[in-house]
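Notes for the structure review
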Amino acid sequence: MNSSLHHAPYIRHPESSRTLMSDVIIALVPLYFMSYFYYGFRVFAVGGIAVLSCLVFDWLCGYLTYRRINLRDFSPIVTGIIISMLMPPTIDFHIVFAASLFAILVAKAPFGGTGHNIFNPAAAGVAFATICWDSKLFLYTPTLQHLPMQINESVSLLQGPTATLKLGGIPRLGITELLLGNFPGPIGSTYTLIIFACLIYLIARHAVKWYLPLSYILSVSLIAAFHHPFGVSPLESISNELFAGSLFFVSVYLLNDPVTTPKYHISRILYGLCAGAATMLFRYFSPLELSAVFAILLMNALAPAFDCFCEWLMPQLQARHTSVQEDTTVQGGQKS
């Protein structure tokens, strides 16, 4: 019998960082295969560059700050995959590299690395690429067109349905197209049916709190229902706002980051509601199409404020509940 020496604490938790990141990776990889069906092998090249860049930069930062390189830390892989999922299939490789560099060297490493970052690194990397190369980040190619590694003039580029939504219109996509992502869009953030199946898996694995995406979707849906173009039904407006872009993907994979979200249940629900409202405000009033990542970064900065509000609110509610109970007891004693 072999024994091994372990140090305290001797508490095992089933939802370790490695397990959590592994579940997210499992829930992200199927999106690559759907994208490969639509666009060819180039999507794997974009994903490989993003993942390898994030890994190398993360290890380099660990080496420069005298931290032991943790080969069991899968968070850079998740960051790289999410960055590639929000990029168009025709994106230049150097833009993917720059987004990955910004995500690790600016949004993650200066705050202490994994578990200490204030902002979601993937959201920060995509936001950086959006600001610097907005003319290339929102040009897509028709589906079922296998792309060459080197994009040239033979590849047709066009705007996606998010450009129509940005202008206050409705792209008029059918339910089948919305569910399967069969329209020009990013590499992996428009396949609603697969993302929904992955969401069920993540909820079953306790990697995602179901009320966070629900509160986000509810907020977006309410605003889309009341702010729909003339002649368009509220249901059609809601379905296009949620599924014709990257909103649903963001609600599953970015909103639920355990490091950057608030701690308490009530504050997380408020966080999701406010994130949805901020996303729609950015969509209506900002000059950029990809509004969701900027809303996520704004909510990341306000996450401690949601927890502080919850810590202030709970004693107030508890004191009021105790006061009501005492009044009821006194009234009951007087009646008796």
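Everything in this summary refers to the structure shown in the same document. None of the values given here were measured: they were computed from a predicted structure. Counting starts from 1 at the beginning of each chain's written sequence and moves along it residue by residue. The predicted origin of the model limits local features to residues at a pLDDT of at least 70 and limits the giving and counting of side-chain atom pairs to 80 or more, whereas totals for whole chains, interfaces and linings rest on all residues. For side-chain calculations, the full set of non-hydrogen atoms in the structure is used, while hydrogens and water are omitted.

1. A closer look at the overall build of the chain
- For helices the rule is a DSSP run of H or I covering at least 4 residues; for strands it is a run of E covering at least 2, with both sets numbered from the N terminus onward. Helices and strands together make up the secondary structure of the chain, namely 14 helices and two strands.
- Think of it in three bands: residues with accessible area under 20% of the maximum for their type are buried, residues over 50% are exposed, and the middle band is partly exposed, with areas taken using a 1.4 Å probe on protein chains only. Relative to its 336 residues, the chain shows a buried fraction of 48%.
- It only takes one pair of heavy atoms within 4.5 Å for two residues to be counted as in contact. Contacts in the chain between residues far apart in sequence, at least 24 positions, make up 75% of those at least 6 positions apart.
- Per element, the accessible surface of the chain, about 17100 Å² overall, is 68% carbon and sulfur. Working definition of accessibility: Shrake-Rupley area with a 1.4 Å probe, residue cover restricted to the visible protein chains.

2. Details of the pattern of salt bridges
- Counted as salt bridges are all cases of a side-chain nitrogen of Lys or Arg within 4 Å of a carboxyl oxygen of Asp or Glu. Per the stated rule, a full pass over the model turns up four salt bridges.
- For the salt bridge of D23 with R205, the shortest nitrogen-to-oxygen distance reads 3.1 Å. With D23 in helix α1 (residues 17–39) and R205 in the loop between α9 (192–204) and α10 (211–226), the pair connects residues that are 182 residues apart, well separated along the chain.
- On the basis of relative accessible area, D23 is assigned to the buried category, the value being 4%.

3. Focus: the packing of aromatic side chains
- Classification of ring pairs rests on two measures: the distance between centres of Phe, Tyr or Trp rings, Trp counted by its six-membered ring, which must be within 6.5 Å, and the angle between planes, read as stacked under 30 degrees, edge-to-face over 60 and tilted in between. Summed over the entire model, instances satisfying the criterion amount to 16 aromatic pairs.
- Taking the centre distance of 5.4 Å and the plane angle of 65° together, the rings of F57 and F97 count as edge-to-face. Note that F57 is positioned in helix α2 (residues 42–64) and F97 in helix α4 (residues 93–105), a separation of 40 residues in sequence.
- Exposure remark for F57: the relative accessible area of 10% places this residue in the buried category.
- Residue class for F97 comes out partly exposed when judged on its relative accessible area of 40%.
- Aromatic ring contacts, followed pair by pair, group Y32, F33, Y36, F41 and F44 into a single cluster.

4. Topic: the packing of α4 against helix α5 (residues 121–132)
- Interaxial angle, 0 to 180 degrees, is taken between N-to-C directions of lines fitted to C-alpha atoms, where a helix line uses only the stretch in contact. Between α4 and α5, the least distance of the axes is 8 Å, while the angle of their chain directions is 135°. In terms of orientation, α4 and α5 fall into the oblique class. For the pair α4 and α5, the sense of crossing is right-handed. Every residue of α5 that contacts α4 at I95, A98, A99, F102 and A103 is listed here: P121, A122, A124, G125, F128 and A129.
- Here the contact of α4 with α5 is composed, by residue class, of 10 nonpolar, one polar and no charged. When describing relative orientation, an angle under 35 degrees is termed roughly parallel and one over 145 degrees roughly antiparallel, while 65 to 115 degrees is termed roughly perpendicular and anything else oblique. Left-handed is the label given to a crossing in which the near helix is rotated counterclockwise from the far helix by less than a right angle, and right-handed is the label when the rotation is clockwise. Throughout, the ten residues Ala, Val, Leu, Ile, Met, Phe, Trp, Tyr, Cys and Pro are labelled nonpolar, Asp, Glu, Lys and Arg are labelled charged, and all others, Gly among them, are labelled polar.

5. Thoughts on α10
- A helix's residues, less one, multiplied by 1.5 Å, set its expected span. When the terminal C-alpha atoms of α10 are compared, their 22 Å separation across 16 residues agrees well with the 22 Å that a helix rising 1.5 Å per residue should span.
- Buried residues of α10: Y211, L212, P213, S215, Y216, S219, V220, S221, A224 and A225, and no others.

6. A few points about the packing of α2 against helix α3 (residues 75–85)
- Relative to each other, α2 and α3 sit at 145°, their axes nearing to 8 Å. For the pair α2 and α3, the sense of crossing is right-handed. For the pair α2 and α3, the contacting residues are V46, G47, A50, V51, C54, L55 and D58 in the first and P76, I77, T79, G80, I81, I83 and S84 in the second.
- Here the contact of α2 with α3 is composed, by residue class, of nine nonpolar, four polar and one charged.

7. What about the nonpolar core?
- Joining through side-chain atoms within 4.5 Å is the link that ties buried Ala, Val, Leu, Ile, Met, Phe, Trp, Tyr and Cys residues into a set, and such a set is a nonpolar core. Among the nonpolar cores identified, the biggest contains 83 residues, and L28, I82, F249, Y253 and V293 are the most heavily contacted of them.
- In terms of residues, this core owes the most to one element, α1, which gives 11 residues.
- In this view, V293 contacts L86, A123, V126, A127 and L254; residues no more than four positions away in its chain are not counted.

8. As for the side chain of R268
- Relative to the helices and strands, R268 resides in helix α13 (residues 265–285).
- Counting rule applied: Lys, Arg positive; Asp, Glu negative; His and chain ends not counted. It is D307 that comes nearest to the buried, bridge-free R268 among opposite-charge side chains, at 6.9 Å.

9. A look at the side chain of T192
- Residue placement: T192 occurs in helix α9.
- Setting aside residues no more than four positions away along its own chain, T192 makes contact with L178, L179, F243 and F248.

10. Digging into α3
- Summarising burial for α3: 10 of the 11 residues are buried, a large majority.
- When we look at burial in α3, the residues that qualify are S75, P76, V78, T79, G80, I81, I82, I83, S84 and M85.
- The inward-facing, buried residues of α3 contact α1, α2, α4, α5 and α12 (247–253).

Fair warning: the whole summary comes from geometry, so function is off the table for now.
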